[in-house]
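Listed below are the residues making up each chain.
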Amino acid sequence: MNIPTNLKYTKDHEWVSVEGDVATVGITDFAQKELGDIVYVEVETLDQTLNKDEVFGTVEAVKTVSDLFLPLSGEIIEFNDSLESDPEKVNSDPYGDGWMVKVKISDASEIEVLLSSEDYKALIGA
């Protein structure tokens, strides 16, 4: 199982990469394996400001549809448009080309409550 140590994680199986005041968000390798083949990613919150833990989109797999929860409060400033035509990137490269949104962080203190890679490994029993 791939759990990069340079990222932060949530109990909802999302990963967060923070650069300055912008966070890139996607779902973890564990999550994409649990979901199975991803067929659609929907994010209709572009240019909206949301609070931490609000739903920012959905990911649809062959078996199920799951909500995506924003790990940090802020404005959704970018959506990975390539997922519209190529949603399987979330399966093949969840930490790279399969990223989902970029968020302009409004409360940097929320970064401190995200899980480390070690904490996330413990959460999923890896």
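Undergrad: Describe in detail unusual backbone geometry, supporting the description with residues and values.
TA: Even without being a glycine, His13 presents a positive backbone phi close to 70 degrees. Checked against the element boundaries, His13 lands in the loop between β1 (8-9) and β2 (14-19). The class for His13 is partly exposed, based on a relative accessible area of 21%. You will see that Asp47, though not glycine, has its phi angle at about 70 degrees, which is positive. Considering the arrangement of structural elements, one finds Asp47 in the loop between β4 (38-42) and β5 (49-50).

Undergrad: Which residues make up helix α4 (residues 117-124), and what are the values?
TA: Every buried residue belonging to α4 is among Ser117, Tyr120 and Ile124, and all of these are buried. When α4 is viewed along its axis, its buried side chains cluster within an angular range of 60 degrees and face the same direction. Of the exposed residues in α4, those oriented more than 90 degrees away from the buried face are Glu118 and Ala122. Residues of α4 that are buried sit in contact with β1 and α1 (29-35).

Undergrad: Before we move on, can you summarise the environment of Val18 with the specific residues and values?
TA: Position of Val18 relative to the elements: it lies in strand β2. What makes Val18 partly exposed here is its relative accessible area of 32%. Spatially, the C-alpha atoms of Val18 and Lys104 are 9.8 Å apart, while their sequence positions differ by 86 residues. In this structure Val18 touches Ala23, Ile105 and Ile111, once residues within four positions along its chain are discounted.

Undergrad: Tell me about the pattern of salt bridges, residues and numbers included.
TA: Inspection of every chain in the model, using the stated rule, returns 5 salt bridges. Ionic pairing is found between Lys104 and Asp21, a salt bridge with its closest N-O pair at 2.4 Å. A residue pair is termed long-range when its members are at least 10 positions apart, and Lys104 in strand β9 (residues 101-105) and Asp21 in the loop between β2 and β3 (22-27) qualify at 83 residues. By relative accessible area, which is 37% here, Asp21 ends up partly exposed. Note that Asp29 and Lys33 form a salt bridge whose closest N and O atoms lie 3.1 Å from each other. Here Asp29 and its partner Lys33 are both found in helix α1, 4 residues apart, which amounts to about one turn of the helix.

What counts and how
- Residues numbered from 1 in each chain as written.
- Predicted model: local features only at pLDDT ≥ 70, side-chain atom pairs only at ≥ 80, totals over all residues.
- Heavy atoms only, no water.
- Helix = DSSP H or I, 4+ residues; strand = E, 2+ residues; numbered from the N terminus.
- Buried < 20%, exposed > 50% of the residue type's maximum accessible area, 1.4 Å probe, protein only.
- Arc of directions from axis to C-beta.
- Contact = heavy atoms within 4.5 Å.
- Salt bridge = Lys/Arg side-chain N within 4 Å of Asp/Glu carboxyl O.

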